[in-house]
Amino acid sequence: MYAKNFDDVIYVSKSNEQALVPYPLKTIKNEEEFFEIVKKLNPKQVIVDNYEFTIEYQKQFKKLFGNIKLSCFDDEYKEYFCDEIINHNLGVNINKYKNPNIVKIIPPLIREEFIKVKKKRYKKDGIFISLGGSDSKNLTLKILKLLKNKKINLYVTTANQNLKKIKRYAKIHKNIRLHINEDVAFGMAKSEFGIITPSVISYEALYMELPFIAIKTADNQKEVAKYLKKKRIKVISDYKKVSKFIK
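All values reported here derive from a predicted model rather than from experimental measurement.

(A) Structural context of unusual backbone geometry. Positive phi outside glycine occurs at Tyr 77, with the angle close to 60 degrees. Tracing the chain through its elements places Tyr 77 in the loop between strand E4 (69–73) and strand E5 (84–87). Residue Tyr 77 is classed as buried on the basis of its relative accessible area of 16%. Although it is not a glycine, Glu 209 sits at a positive phi angle of roughly 60 degrees.

(B) Region of the structure containing the packing of aromatic side chains. Enumeration over the complete set of coordinates arrives at 14 aromatic pairs. Between the aromatic rings of Tyr 2 and Phe 73, the centroid separation amounts to 5.5 Å while the plane-to-plane angle is 90 degrees, which identifies the pairing as edge-to-face. Of this pair, Tyr 2 sits in the segment before strand E1 (11–13) while Phe 73 is found in strand E4, placing the two residues 71 residues apart along the sequence. Since its relative accessible area comes to 9%, Tyr 2 is described here as buried.

(C) Representation of the sheet that holds E5 in the model. Ordered in space as E3-E4-E5-E6, the four strands form an open sheet in which the pairing is parallel. Each edge of the open sheet carries a strand with a single partner, namely strand E3 (45–48) and strand E6 (103–105). When strand polarity is set aside, the average angle formed by the axes of neighbouring strands in this sheet is 25 degrees. Sheet topology note: the E3/E4 ladder contains four bridges and is parallel. Paired with Gln 45 across the two strands is Lys 69, which belongs to E4.

The rules behind these values
- Residues numbered from 1 in each chain as written.
- Predicted model: local features only at pLDDT ≥ 70, side-chain atom pairs only at ≥ 80, totals over all residues.
- Heavy atoms only, no water.
- Helix = DSSP H or I, 4+ residues; strand = E, 2+ residues; numbered from the N terminus.
- Buried < 20%, exposed > 50% of the residue type's maximum accessible area, 1.4 Å probe, protein only.
- Phe/Tyr/Trp six-rings, centres within 6.5 Å; stacked < 30°, edge-to-face > 60°.
- Pairing = 2+ DSSP bridges.
- Axes fitted to C-alpha atoms, helices over the stretch in contact; angles between N-to-C directions.

If you want it as structure tokens, here you go:
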């Protein structure tokens, strides 16, 4: 999404899922290989969206490539050693940053798929569920078991650590329509209600005018959770309460 602001883009990732990236992709195993690629490409700017690229790595980057602009996406108000901090969260408080002068606040990034899908009309049926890529707490499967009699439009990725179990469960329970690495915009457009996390996907749900509840699963979701609560959207921490909000 943000990459559309630039003419020549190359993705560098520890994931090799080229189908999910509309640009040339270079796969790495670690930060050392990342530095090697930067050295070879010698770009004007590097934009990082990765929690594992710590301030120590940022310092190492600037020591090696002082002439390259380093931009880092952030949603936790962390301390950075870079040239630019980019935040696209809802309700951002720039004064929480140690150095607000290098912070660039941009509108929530809405992908083209959502813009296209919203222009069309679909028959709405079922509950949209998407709880992030890895779903490390295995909430997807737990919530499915709470909603046995409901039609579910379930969207997951191959990064989900419990994908095999989810596949087996969906195969047995015909109320679940499982979508793997598919466009969530279409899923939102065809659903009556959503169960998601207070993260980037909540911006997309708001844009699609999909009623939803958000389950907080990580510390970096605090700011978005606060924003949603101000908008009187229900945010919960206990997944077991989900059934209370489903008619």
